[in-house]
Amino acid sequence: MNPSACLHIDQQLLSENVRLLQALCQRQGVELIAVVKAGCGLEGIARAVLAGGCGMLADSRLDNIGRLQQAGVDAPMVLLRLPSPSHADAVVRLADISLNSEYDAIEALHLAALRQGRVHRIMLMVELGDRREGVVPAQLPTLVERLRPLGGVRVVGIGSNFGCLGGVRTTVTNLSELVRCARDVEARLGYRLEHVSGGNSGALPLLLQGRLPAGINQLRVGFSMLLGRNPYTDEPLPGLHTGVFELEAELIEIQTKPSLPEGEVVLDAFGQVPHFEDRGPRIRGIVGLGRLDTDLATLRPADPRIEVIGASSDHLILDLTRSGPHRIGERIRFVPGYGALVQAMLSPYVCKQFRQPALTAEPVPARWPLPASPWRR
């Protein structure tokens with residue numbers, strides 16, 4: 001395969017980001033859980049995270065956890081997405097901890113654990129404003145009481161999530177409410193919880209300011225670890241590398257064209273009516289990258305003089321007027337945001353190449369698509 005688009009991954013920079021975050025967390029008595037779901041089960045990313053000193057990984061997909069374990073990645077695994085009852089046996093077999101909010105799913109995990117001769121560890125998720133997963137605080141006591149007889153599971157933590165659906169900011173107020181819920185759960189269970197998980201990368205500004213409420217002892221960090229940025233502002237976070245990932249695509253056309261389409265404008269292939277500004281003739285370039293490969297909204301050229309005009313399934317259209325001269329075959333570099341990164345990781349048409357790897361002597365290209373997860377076999 002000789003793809004025209006390639007995602008470059010710098011393991012050394014990723015390890016250094018993890019090392020800094022680990023040190024910041026340890027300084028305040030907080031456990032760092034590295035969220036590697038954007039890596040889509042790519043072993044090299046997990047290895048780089050572990051090399052940075054983080055001892056626990058988290059992913060939303062059983063397929064990814066299965067592939068990492070099949071590759072020999074030896075670390076405790078947290079399943080982030082709420083488990084499906086139909087997958088309970090695989091969850092118990094592959095994940096050390098799973099996040100939960102529904103009694104029926106937890107009961108299925110309990111029965112699966114009994115069949116496997118295990119006790120599965122669970123973290124209860126609480127809804128504190130973002131309106132994604134979690135039981136509302138008023139219903140938490142009832143859920144905890146129903147779980148007490150289930151010997152196949154053990155509640156080891158409580159957590160919440162912010163910023164992923166409703167865009168709600170992580171604050172001292174909502175984290176303090178999470179700590180209050182944790183103390184109530186502990187009183188009902190009769191033991192201390194190991195984990196009070198205060199959300200994701202959105203909690204890092206509070207951590208950096210020393211404002212995390214007492215009692216929060218865990219963060220699940222992916223966005224800032226991978227991109228080095230504040231998820232709420234997209235500004236770089238102090239000390240973190242923002243260049244772990246770089247997307248490259250090859251120029252396959254350079255032509256001077258009018259900036260407005262000619263003819264009747266209707267819905268495009270993605271059901272939208274495109275709008276363009278009349279800027280006169282412009283030098284337009286096309287690279288071998290499209291909507292099948294990445295997310296336009298979170299992708300920007302590394303050269304600020306290059307503008308993204310739009311894209312179809314397989315073609316990304318650029319305005320090169322201010323950045324030339326360019327030539328056919330030249331590779332244009334892009335900085336992916338989180339959406340663009342995940343989409344590029346998922347695309348089998350984008351090669352994944354480790355750059356300056358921290359853990360191997362020679363660059364190792366990642367083969368795509370990845371092999372099937374063993375749990376489905």
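Attention in this report is confined to the structure presented alongside it. (Residues numbered from 1 in each chain as written. Predicted model: local features only at pLDDT ≥ 70, side-chain atom pairs only at ≥ 80, totals over all residues. Heavy atoms only, no water.)

Considering the side chain of Gln22
1) Next: If you trace the backbone, Gln22 turns up in helix α1 (residues 11-27).
2) Next: Looking at Gln22, its side chain comes within polar contact range of the main-chain oxygen of Gly53, at 3.0 Å. (Helix = DSSP H or I, 4+ residues; strand = E, 2+ residues; numbered from the N terminus. Polar contact = N/O pair within 3.5 Å; in protein donor to acceptor, adjacent residues only side chain to side chain.)

Description of the pairing of strand β14 (residues 316-319)
1) Next: Alternating positions in β14 separate into two faces, Leu316 and Leu318 on one and Ile317 and Asp319 on the other, with burial throughout.
2) Next: In this sheet, β14 lies alongside strand β11 (residues 281-287) in antiparallel orientation, the contact comprising 4 bridges. By the bridge assignment for β14, Arg284 is matched with Asp319.
3) Next: Note: strand β13 (residues 307-311) against β14, 4 bridges, orientation antiparallel. Residue pairing in the sheet places Gly310 in a bridge with Ile317 of β14.
4) Next: Counting the residues in the hairpin turn of β13 and β14 gives 4 residues. (Buried < 20%, exposed > 50% of the residue type's maximum accessible area, 1.4 Å probe, protein only. Pairing = 2+ DSSP bridges.)

Some remarks on the state of the cysteines
Note on terminology: disulfide describes a covalent bond linking the sulfur atoms of two cysteines.
1) Next: Summed over the entire model, instances satisfying the criterion amount to 1 disulfide.
2) Next: Between Cys6 and Cys351 runs a disulfide, and the two sulfur atoms are separated by 2.3 Å. The S-S bond linking Cys6 to Cys351 shows a torsion near -50°; that makes this disulfide left-handed. Taken as a pair, Cys6 in strand β1 (residues 5-10) and Cys351 in strand β16 (residues 351-355) lie far apart in primary sequence, 345 residues in all.
3) Next: With no disulfide of its own, Cys54 lies 8.5 Å from the sulfur of Cys25, the closest cysteine sulfur.
4) Next: In this model Cys164 remains outside any disulfide bridge; the closest cysteine sulfur is found in Cys40, 16 Å from its own. (Disulfide = S-S within 2.5 Å.)

Thoughts on the packing of α1 against helix α2 (residues 43-51)
1) Next: With their axes 7 Å apart at the nearest point, α1 and α2 run at an angle of 45° to one another. Taken together, the axes of α1 and α2 are oblique relative to one another. Two packed elements cross with a definite hand, and for α1 against α2 that hand is right-handed. Contacts between α1 and α2 involve Gln11, Leu14, Ser15, Val18 and Arg19 from the former and Gly44, Ile45, Ala48, Val49 and Ala51 from the latter.
2) Next: Considering only residue class, the contact of α1 with α2 consists of 6 nonpolar, 3 polar and 1 charged. (Axes fitted to C-alpha atoms, helices over the stretch in contact; angles between N-to-C directions. Parallel < 35°, antiparallel > 145°, perpendicular 65-115°, else oblique. Left-handed = near helix turned anticlockwise from the far one by under 90°. Contact = heavy atoms within 4.5 Å. Nonpolar A, V, L, I, M, F, W, Y, C, P; charged D, E, K, R; others polar.)

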